[in-house]
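Geometric and topological summary
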Amino acid sequence: MRNTPKGSIVVKGGLIVDQLGERSSDVVVEEGHIVGVGPDLSGDQVLEAKGCVVAPGFVDLHTHLRQPGMEEAETIESGGWAAVRGGFSAVVAMPNTDPPIDCAAVVQEVLALGAKAPCEVYSSGAITVGRKGEQLAPIAEMAGLGVRLFTDDGNGIQSAGLMRRAMEYAAGLGVLLAQHCEVDSLAEGGHMHEGEWSSQLGIPGVPAEAEELMVMRDIALSRLTGAPVHFQHLSTRGSVAMVRAARQGGVPVTAEAATHHFTLTDEACAGYDPVFKVNPPLRPADDVAAVREGLADGALDAIATDHAPHSLDSKERPFDEAPPGMLGLETALALALSELNLSIQQVVGLLSWQPAAIAGLQNTHGTPIAVGAPANLCVFDPEEIWTVEPDELASRACNTPYAGRQVQGRVRHTLVGGNPVVVNQQMRQ
Amino acid sequence: MRHLLSVDDLSVQDMERVFSLSDHFTEVSQRPIPKVPALRGKTVAMMFFEDSTRTRLSFEAAARRLSADVMCFSVSTSAVSKGESLRDTVATLSAMGTHAMVVRHRSAGVPQQVAAWSDVSVVNAGDGWHEHPTQALLDCYTIRDRLGTVADRHIVILGDVKHSRVARSCVKAFVALDAKVTLVAPATLLPPAVETWPVDVSFELDSVLSDCDVVYGLRVQTERQTQALLPSLREYTAQWGLTVQRANCLGVGALVMHPGPVNRGVEIAPEVLDRPNTVLNEQVRHGVSIRMAVLYLLLGAEGAES
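A quick note: this is a predicted structure, and the numbers were derived from the prediction, not measured.

**A closer look at the overall build of chain A**
Helix and strand counts for chain A come out as twelve helices and 21 strands. Taking 22 Å as the expected radius of gyration for a compact globule of 429 residues, we find that chain A reaches 20 Å, a close match to that expectation. Taken over the C-alpha atoms alone, chain A extends approximately 60 × 45 × 40 Å along its principal axes. Each of the 429 residues in chain A was classed as buried or not, and the buried ones make up 59%. Across chain A, every contact between residues at least 6 apart in sequence was considered, and the portion connecting residues at least 24 apart equals 76%.

**Some details on the sheet that holds strand S2 (residues 69–74) of chain B**
For sheets, the rule is that strands pair by backbone hydrogen bonds, running either parallel or antiparallel. All names here are of chain B. With parallel pairing, the four strands of this open sheet are ordered in space as S2-S1-S3-S4. The open sheet is flanked by S2 and strand S4 (121–127), the only strands paired with a single partner. Pairwise comparison of adjacent strand axes, ignoring direction, gives a mean angle of 15 degrees for this sheet. In this sheet, S2 lies alongside strand S1 (residues 43–48) in parallel orientation, the contact comprising six bridges. If you follow Val 44 over to S2, its bridge partner there is Val 70. Each of strand S3 (100–105) and S4 is contacted by helix H4 (residues 110–117), which is oriented at about 165 degrees to S4, the strand it contacts most.

**Regarding the nonpolar core**
Within the largest apolar cluster, 139 residues are counted, with the highest numbers of intra-cluster contacts made by Val 54, Phe 150 and Val 243 of chain A. Taken domain by domain, the makeup of this core includes at least three residues from each of domain 1 (8–53 + 372–427) and domain 2 (57–358) of chain A. One finds Leu 10, Val 150, Cys 212 and Trp 240 of chain B within the second-largest nonpolar core, a separate group that totals 93 residues.

**With respect to the domain arrangement of chain A**
Residues and elements named next belong to chain A. Here chain A is described as being made up of domain 1 (8–53 + 372–427) and domain 2 (57–358). Computed from C-alpha coordinates alone, the two centres of domain 1 and domain 2 are separated by 26 Å. The set of elements that each furnish at least two residues to the side of domain 1 that touches domain 2 consists of strand S18 (377–387), strand S19 (406–416) and strand S20 (419–423). Per-element accounting of the side of domain 1 that touches domain 2 gives the leading share, seven residues, to S19.

**Looking at the environment of Val 28 of chain B**
All names here are of chain B. Turning to its location among the elements, Val 28 is positioned in helix H1 (residues 12–29). For the pair Val 28 and Arg 65, spaced 37 residues apart in sequence, the C-alpha separation works out to 8.6 Å. The contact partners of Val 28, leaving out residues within four places of it in the chain, are Pro 34, Val 36 and Arg 65.

**So, the domain arrangement of chain B**
Residue and element names in this part refer to chain B. Splitting chain B by domain gives domain 1 (7–132 + 284–300) and domain 2 (133–280). Placing the centre of domain 1 and that of domain 2 at their C-alpha centroids yields a distance of 26 Å. The partner domain 2 presents 22 residues to the 23 residues of domain 1 that form the contact. Of all the secondary-structure elements, those providing two or more residues to the side of domain 1 that touches domain 2 are H1, S4 and helix H11 (280–300). Among the elements that line the side of domain 1 that touches domain 2, the one with the most residues is H11, at six residues. Its residues placed into classes, the side of domain 1 that touches domain 2 shows ten nonpolar, eight polar and five charged.

**Focus: the interface of chain A and chain B**
With 18 residues of chain A in contact, the opposing surface of chain B contributes 19 residues. Of all the elements, helix H6 (residues 196–201) of chain A adds the most residues to the side of chain A that touches chain B, at four residues. Tallied by class, residues from the side of chain A that touches chain B come to five nonpolar, six polar and seven charged.

The rules behind the values
Residues numbered from 1 in each chain as written. Chains lettered and ligands numbered in written order. Predicted model: local features only at pLDDT ≥ 70, side-chain atom pairs only at ≥ 80, totals over all residues. Helix = DSSP H or I, 4+ residues; strand = E, 2+ residues; numbered from the N terminus. Rg over C-alpha atoms; globule rule 2.2 N^0.38 Å. Buried ≥ 20, exposed ≤ 12 C-beta atoms within 10 Å, placed from the backbone. Contact = placed C-beta atoms within 7 Å. Pairing = 2+ DSSP bridges. Axes fitted to C-alpha atoms, helices over the stretch in contact; angles between N-to-C directions. Core = buried A, V, L, I, M, F, W, Y, C linked by C-beta atoms within 7 Å. Domains from an automatic or database assignment. Nonpolar A, V, L, I, M, F, W, Y, C, P; charged D, E, K, R; others polar.

The following block contains the structure:
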């Protein structure tokens, strides 16, 4: 699917926005790389970009592709199409598959399927065998296959002692641990944020402190070991504040926020529609404001989607029986542009070179747009207003919480390794 | 009124309408043949996904006294035990020509989901910790019957408010009818963000007893001990049980209520259950006429008056 096209492609008339700044320029791509940046360039194929931003391709640190095991909800291929329609040239596949990605064999399967996907698919690996938090998974063996990011995502590592050893071991191998912060004994049985809304709705809640206690602990463990740790989908004011302070104190932590945690509040659960059930749960407005502040001032490094497809059936169960998770890949850019009140360069940084650096992909994705760089590009119209229609998404599932919502900013073209996989919003099979 | 999913669906006028209809149906229930043809030709499905005795029987009696046909459904004998989804079960019962569904489920929000998936009227007969609106209506009706009015009464709701659908509905209904409500419970059995509820809160019972018109006891589930919410039932009874000694502190005419079933000797002492101002049986009796009124309002109000 990602055969390098013959001939050259010129992206014409756009505004380049990357870590070097903004400049109006054409971009010519050939044989997988950028071969020309400048005014009035030509190529065999023209991708119109007038009025559009030409940005380095986006990198999602947090994608659930559901394969192997849950192909009714998503496959690596369908999720890959959702990614490129959202402007992502690379995604990191989460390991909570069935079987989980906790050994070399499953990594190899994911990578083999990913090679046929329209975006670059990087596999994460589980920290512990079966994501059970008991025994370390073969991290070095998976790292040998190129896995850079390890997480038991969906489960936090409950034991501080085990997390300490995992951090030391991973740091020695030069790979990164990413933590889903949630203390089970506080969160157990909860299905939404514990607060005024859960109290009214009679839905068992998860307090913000279930997340914050583990953030606090892992900051302490990072200080103890000197090993870096990445915090996944932070959702509370306390978490953001602790990460900000830790970074100012020189502790090597990084963090991401999921799109829904800066766009939706726990009030969305009032209709008992499990489409709004997610973990960590949607939080009150003050936490949403704190996540936005963290993205604006650099306390948080990246926007991640936590794209979590689920079949229609599983989202038509009672709220407390339905699985958590919502789609995100195809709406992340538009929501960041519509809701965050940041410059376009800041938004692109949060989606592109900042997550690329965390994932260890800084030489292939999120690179400055210059001659010789790999041609992973996202071209988007920052002005286009569109309405999210679940049926029109490329994902196999349709559990978007934004159905019917009007948003601004839309991907027009996506190039992955020089291959134009999305052209004028259409998928090029 | 299309559905009764929450007390929030009812205005004060709606509640008054339910009460006056209930007066009428109470009279009907005392006739030699306690039956009216108001809902003849209508079918009411009893969808009890969770075990229930009194609520199910009460709704069944209410529907039958209105001459409705009743379809009973219980999980253990239905396709749900074969893995049928909730939505498919709703579709199946809709296709059989049901006019109303009375839904009880262990998960909060299921009646809302059922209402969204079908064209028929849905009555919430208790969903998780969320609501049990007909219970609140029959409790208001009982207070009104005994004390003349709910307004300005001081009602103490005692016990496991956190896990109680009855408490959530009752607080809404009592407050809507201008009663003053005080929740009394150990802090572990109060809901989160209780400060946002329109109530007073007390962690101890003795100081509020002399000043209240109603003590409304809630059931304490024995598993609360294993969840570290209570040290023991013995300690609960000693601190928050309505013992004989405490009941003696109640003012003259103050009512003792409970939604049932009671853990005798845990929430309320057996001797207190037998006192004339303990009105559990009246609550049950009023339940039938209140549910007749609700079904009638949902299904029959435009039809012929009985």
